[in-house]
There are 2 protein chains.
Amino acid sequence: MPGQHAAAGDDRAAGSRRSRPTGHDVAGAAGVSQATVSLVLGGKWEGRVSARTAEAVRAAARELGYRPNLAARTLRLGRTRTALLVVPALTNDFFATVHRGAVEVARAHDFGIVLYPSPEGINAAPDPFASARTALDGVIASSMAPEALAALRGEGLPLVMLDADEGSGDATVNIDLADGMRQVVAHLRELGHHRIAHIAAAVDSWTFEARADALHEELRASSAALVRTERAALSVADGLEAATRVLTAAPSRDGAPTALVCDDDLLAVGALKAARRLGLRVPEDVSVTGVDDVALATAVEPELTTVRLPAEQVGRAGMRALLAVLDGQRVEAARLPVQLVVRGSTGPSPHP
Amino acid sequence: MPGQHAAAGDDRAAGSRRSRPTGHDVAGAAGVSQATVSLVLGGKWEGRVSARTAEAVRAAARELGYRPNLAARTLRLGRTRTALLVVPALTNDFFATVHRGAVEVARAHDFGIVLYPSPEGINAAPDPFASARTALDGVIASSMAPEALAALRGEGLPLVMLDADEGSGDATVNIDLADGMRQVVAHLRELGHHRIAHIAAAVDSWTFEARADALHEELRASSAALVRTERAALSVADGLEAATRVLTAAPSRDGAPTALVCDDDLLAVGALKAARRLGLRVPEDVSVTGVDDVALATAVEPELTTVRLPAEQVGRAGMRALLAVLDGQRVEAARLPVQLVVRGSTGPSPHP
DNA sequence: CTCTCGACGTTTTACGTATAACTGACCTCG
DNA sequence: CGAGGTCAGTTATACGTAAAACGTCGAGAG
């Protein structure tokens, strides 16, 4: 029976003080040393500990609800089996899905993923390492502004870049948006469109430059005219403004565009609104396409014709690439396929 | 000049091996002991270290780019100044904004926030502690299914619940959705609506029960009829289906509803699509309201009349409540105000 | 002159884990 | 029968930090 003021100190085996049980507590309960507990629970006991003892240790651990202290493990090992996923914003379900894919692979390899949503949007220099609150083994990051990327690289951690310039990280997982643009242009050409406008994202990020380059290339190759380009921040409201400028401008020498190719679904939805406000019917008077296939794309009327990105595969491939880099392997750049999803926002050109 | 195979061991002060510099390295550079470094950088040096020495230490730390090893600190202190934020999904920008608010307060108090998006949606039992990969001081969680909540409570960590039953955590930050429903009903009554249908979220979560109760109460109080209730999962597609059922059903004794009150903006957007597909005009033939005021609400045509939730305040209040709980204070339940935002999806009743 | 006290640091210790190095007991084989 | 080997563990140690406990030196009090 404990006295009025209990003598602190011994009797660790009881383990019932207040804190979580430690490896020593498990060892006491199982009648072995802490080292044996660590061996057994770490799975490296074959040939070092008898099967009967191992089972006893596992039983004791289960009984006490033991879970190793991650801080202690990290301190000892110097690595955390944890990766940071840097995304521009949480609202875009593309990145939510990327996250899901990455988590799926990470889990299978006993890795954790900490999510860092850059609070100020895609262009902000991230300070993820203060925020993550834990040491990190590596980083997976989506396309971002050069300064932000430089800050990230400066940390010296293994870095996998998603949808970014090859060579900007230790590995790259890309999306074949050039092919996406090819499919978009082919689709529009088939519908008779040959005067096309581009609503471009006004974001300093490799992926959008690549989209523009690919679009220009394809238009040239299919001898369609790029009537006009307007830039807009990545939001429905800015897309609306930019599309309004395009649709109300004095026709250029080639005439008004019959199709608006948007860098992103948000911009495309803005374009739909712009057309409606100007009394134009979609797709009868003007066709609109996006990129991403976010949930929003099917929420609007008409539903959006868009390029579906393999978000979950991107996440999975990103995590796999990071694991390979950590393993010292050389990783070749991936380039994942995309698929045009034709819905109601594109139709035959009014002026074929 | 180092020999061919350098003798490992001493010369820590140089610190230029490969790893991050430690407190010992800083101490060596500043000509003091590691303990002094810890005191100075920990800010508790007043009266224990001279101002000149303190400055020397800070200079050395800056020079070497020293940042304390979080694992070691955690191991020593047993707490991490890190909170877990459990949200049902990332796609909803309500939660993205909650996160932003929580981060803002956390940052001011040198706290970190780790985001845990329950991968399987709001009803899944979370396993955040394996995923977080770091010890946690407390948890902020949004409304969730009872089993998931029980699992979370079982961890024994301080718990702040958002938009949930009071008493389900150590503190609660609520949203005055009862008042929101009051405003919705008042608005609709003013427009002459008295036959109203409810598109309810088919989610086992306190907040949606509360919304239903409040709606029923308000309808009774204003002598309007609840013509019908349909339940739907939280998506545009399910909202569309549910609204279609409502709008095509044989009119009940009270006649067809002239307004659809939806538990959520996603459902409301689904309702907009359903109306359009059935050839009904919004708001001329039927009015629609949502709750949340997510970005989607202004992306659709007509824009959605909805109840704007104070997402950022919820996040801030949640983090503040957690800090207070950790500080041992008793926290009274908050109840944050909401605001009806009237847009184009509501209009005068066709049958006043 | 001694005693005390404050200012300024240093030495030491604990945190919980993973693993290298070590210890006996038992077995095998020349 | 003893040298070496395997099995089944144990003991000892390092990781980097925070903070309690412990000097040391000079100044002022008695």
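Cut-offs used in this document
Residue numbers restart at each chain and count upward from 1, following the sequence in its written direction. Chains carry letters from A onward and ligands carry numbers from 1 onward, assigned in written order. Per-residue local features are limited, in this predicted model, to residues with pLDDT of at least 70; the limit for side-chain atom pairs, both in listing and counting, is 80 or more; totals at the level of whole chains, interfaces and linings are taken over all residues. Hydrogens and waters are ignored; side-chain quantities use all the structure's heavy atoms. Two residues form a contact once any of their heavy atoms are found within 4.5 Å. Buried surface area refers to the total accessible area, computed with a probe of radius 1.4 Å, that the two partners give up upon joining, counted for both partners together. Whenever a carboxyl oxygen of Asp or Glu lies within 4 Å of a side-chain nitrogen of Lys or Arg, that contact is scored as a salt bridge. Under the rule applied, a polar contact is a pair of N or O atoms within 3.5 Å (in protein, one hydrogen donor and one hydrogen acceptor; residues adjacent in sequence only if both atoms are side-chain atoms). The numbering of helices and of strands both runs from the N terminus, where a helix is a DSSP run of H or I of at least 4 residues and a strand a run of E of at least 2. For this classification, the nonpolar set comprises Ala, Val, Leu, Ile, Met, Phe, Trp, Tyr, Cys and Pro, the charged set comprises Asp, Glu, Lys and Arg, and every other residue, Gly included, is treated as polar. Any residue with a heavy atom positioned within 4 Å of a molecule or strand is treated as near that molecule or strand. The cut-offs for exposure are 20% and 50% of the maximum accessible area for each residue type, with area from a 1.4 Å probe on protein chains only; residues under the lower value are buried, those over the upper are exposed, and the others partly exposed. Here, nonpolar core means buried Ala, Val, Leu, Ile, Met, Phe, Trp, Tyr and Cys residues that are tied together by side-chain atoms lying within 4.5 Å of each other. We call two strands paired when DSSP finds no fewer than two bridges between them. Comment: axis = line fitted to C-alpha atoms, over the contacting stretch for helices; angle = value between 0 and 180 degrees taken between N-to-C directions. The span expected for a helix works out to 1.5 Å for each residue beyond the first. When two rings of Phe, Tyr or Trp (its six-membered ring) have centres within 6.5 Å they constitute a pair, described as stacked for plane angles under 30 degrees, edge-to-face for angles over 60, and tilted for the intermediate range. Residues below a pLDDT of 70 in either copy are left out; the C-alpha atoms of the rest, at least 70 in both, set the least-squares superposition of the copies. Think of a 1 Å grid over the protein atoms and nothing else: a 1.4 Å probe that fits but is trapped marks a cavity, an open set flanked by protein within 12 Å on at least five of seven lines marks a pocket, and residues with an atom within 4 Å of a point count as lining. Grid points are joined across faces, edges and corners, and a volume is the space filled by probe spheres set on the points.

**Student:** Explain the interface of chain A and chain B to me, please; I cannot follow it from the model alone.
**Tutor:** Interface size is commonly expressed as the accessible surface area that is lost when the partners come together. Contacts between the two partners involve 43 residues from chain A and, on the opposite side, 42 residues from chain B. Between chain A and chain B, roughly 3,400 Å² of surface is buried when both sides are summed, and carbon and sulfur atoms account for 57% of that area. On inspection of chain A and its partner chain B, the count reaches six salt bridges. One salt bridge in this structure joins K273 of chain A and E303 of chain B, with 2.6 Å as the shortest N-O distance. Summed over the shared surface of chain A and chain B, the result is five residue pairs in polar contact (both at pLDDT 80 or more). Contributing elements (two or more residues each) for the side of chain A that touches chain B: helix 4 (70-77), helix 5 (93-108), strand 2 (112-117), helix 6 (128-132), helix 11 (265-277) and helix 12 (296-299) of chain A. Ranked by the residues each element gives to the side of chain A that touches chain B, the list is headed by strand 2 of chain A, at six residues. Taken together, the residues that form the side of chain A that touches chain B break down as 20 nonpolar, 10 polar and 13 charged.

**Student:** It is not clear to me how the protein's contact with DNA strand C should be interpreted in this structure. Could you clarify?
**Tutor:** The full set close to DNA strand C counts 26 residues, and G23, Y66 and R76 of chain A together with T36 and S50 of chain B are the nearest of them. In the interface set of DNA strand C, defined as its atoms within 4 Å of the protein, sugar plus phosphate atoms amount to 60%. For DNA strand C, a phosphate oxygen lies 2.8 Å from a polar atom in the side chain of S33 of chain B. In the model, a phosphate oxygen of DNA strand C is placed 2.8 Å from a nitrogen or oxygen of the T53 of chain B side chain. Elements represented by at least two residues in the surface near DNA strand C include exactly helix 1 (23-30), helix 2 (34-41) and helix 4 of chain A together with helix 2 (34-41) and helix 4 (70-77) of chain B. By residue number, the principal contributor to the surface near DNA strand C is helix 4 of chain A, which donates four residues. Class assignment of the residues belonging to the surface near DNA strand C gives a composition of nine nonpolar, 10 polar and seven charged.

**Student:** Looking at this structure, how should I read the pattern of salt bridges?
**Tutor:** All names here are of chain B. By the definition in use, this model includes 42 salt bridges over all chains. Between D110 and R81 there is a salt bridge, and its shortest N-O distance comes to 3.8 Å. Taken together, the residues span a long stretch of sequence, with D110 in the loop between helix 5 (93-108) and strand 2 (112-117) and R81 in the loop between helix 4 and strand 1 (82-87) at a distance of 29 residues. Judged by relative accessible area, R81 falls into the partly exposed class, the value being 32%.

**Student:** What am I meant to see in the nonpolar core here?
**Tutor:** Here is a general trend for soluble globular proteins: nonpolar side chains tend to be buried in one another's company. Ranked by size, the top nonpolar core spans 94 residues in total, and within it M319 of chain A together with M319 of chain B carry the most contacts. In this structure, M319 of chain B is in contact with A83, A102, V105, A106, F111, I113 and I140 of chain B, ignoring residues within four places of it in sequence. Membership of the second largest hydrophobic core comes to 60 residues, among which are V203 and A274 of chain A together with V246 and C262 of chain B.

**Student:** Hey, could you run me through the sheet that holds strand 2 of chain B in this one?
**Tutor:** Sheet strands pair by backbone hydrogen bonding; their relative direction is either parallel or antiparallel. Residue and element names in this part refer to chain B. Taking strand neighbours across the sheet as the criterion, the six strands line up as 2-1-3-4-5-11 in an open arrangement whose pairing is parallel. Among the strands making up the open sheet, the edge pair consists of strand 2 and strand 11 (334-336). Strand-to-strand twist in this sheet, taken as the mean axis angle between neighbours without regard to direction, amounts to 20 degrees. Looking at chain direction, strand 1 and strand 2 are connected through six bridges and run parallel. By the bridge assignment for strand 2, L85 is matched with L115. Across the face of the sheet, helix 7 (residues 146-153) comes into contact with strand 3 (138-142) and strand 4 (159-162) while running at roughly 155 degrees to strand 4. Sheet contacts for helix 13 (residues 311-326): strand 1, strand 2, strand 3, strand 4, strand 5 (171-175) and strand 11; angle to strand 5, the most-contacted strand, approximately 165 degrees.

**Student:** Quick question: what am I supposed to make of helix 11 of chain A here?
**Tutor:** Along an α-helix, a turn takes 3.6 residues, which lines up residues three or four apart on a common side. Residues and elements named next belong to chain A. Given a rise of 1.5 Å per residue, 13 residues ought to cover 18 Å, and the 18 Å separating the end C-alpha atoms of helix 11 matches this to within 8%. A large share of helix 11 lies buried, amounting to 10 of its 13 residues. When helix 11 is considered as a whole, its buried residues turn out to be D265, L267, A268, V269, G270, A271, L272, K273, A274 and A275. Put simply, D264 is the residue that caps the front of helix 11, since its side-chain oxygen is 2.8 Å from the backbone nitrogen of L266. Two residues or fewer after helix 11 comes G279, characterised by a positive phi angle close to 80 degrees.

**Student:** How should I be thinking about the packing of aromatic side chains in this particular structure?
**Tutor:** All names here are of chain A. Using the criterion set out here, one finds two aromatic pairs over all chains in the structure. A ring pair is formed by F94 and F95, whose centres lie 4.9 Å apart and whose planes are at 70 degrees; its orientation type is edge-to-face. For F95, a relative accessible area of 15% puts it in the buried group.

**Student:** Sorry, what's going on with the relation of the copies chain A and chain B here?
**Tutor:** Two chain copies, one operation linking them: a rotation about an axis together with a shift along it. Note on the identical chains: chain A maps onto chain B by a rotation of 180 degrees and an axial translation of 0.0 Å, with an RMSD of 0.1 Å. In the structure described here, the two chain copies are related by an operation that fits a two-fold rotation axis. Both copies contact each other with a shared surface, as 98% of the interface residues of chain A are interface residues in chain B too.

**Student:** Looking at this structure, how should I read the environment of A249 of chain A?
**Tutor:** Residue and element names in this part refer to chain A. In this structure, A249 sits in the loop between helix 10 (236-248) and strand 8 (259-262). The class of A249 is partly exposed, set by a relative accessible area of 23%. Separated by 21 residues in sequence, A249 and R228 place their C-alpha atoms 9.6 Å apart.

**Student:** Explain empty space enclosed by the protein here, please?
**Tutor:** By the definition in use, this model includes six cavities of 30 Å³ or more. By volume, the second largest cavity is sized at about 80 Å³. In this structure, the second largest cavity is lined by 14 residues; those nearest its centre are V300 and E301 of chain A together with R276, V300 and E301 of chain B. Of all the elements in the fold, those that place two or more residues in the lining of the second largest cavity are helix 11 of chain A together with helix 11 (265-277) of chain B. Tallied by class, the residues present in the lining of the second largest cavity amount to eight nonpolar, no polar and six charged.

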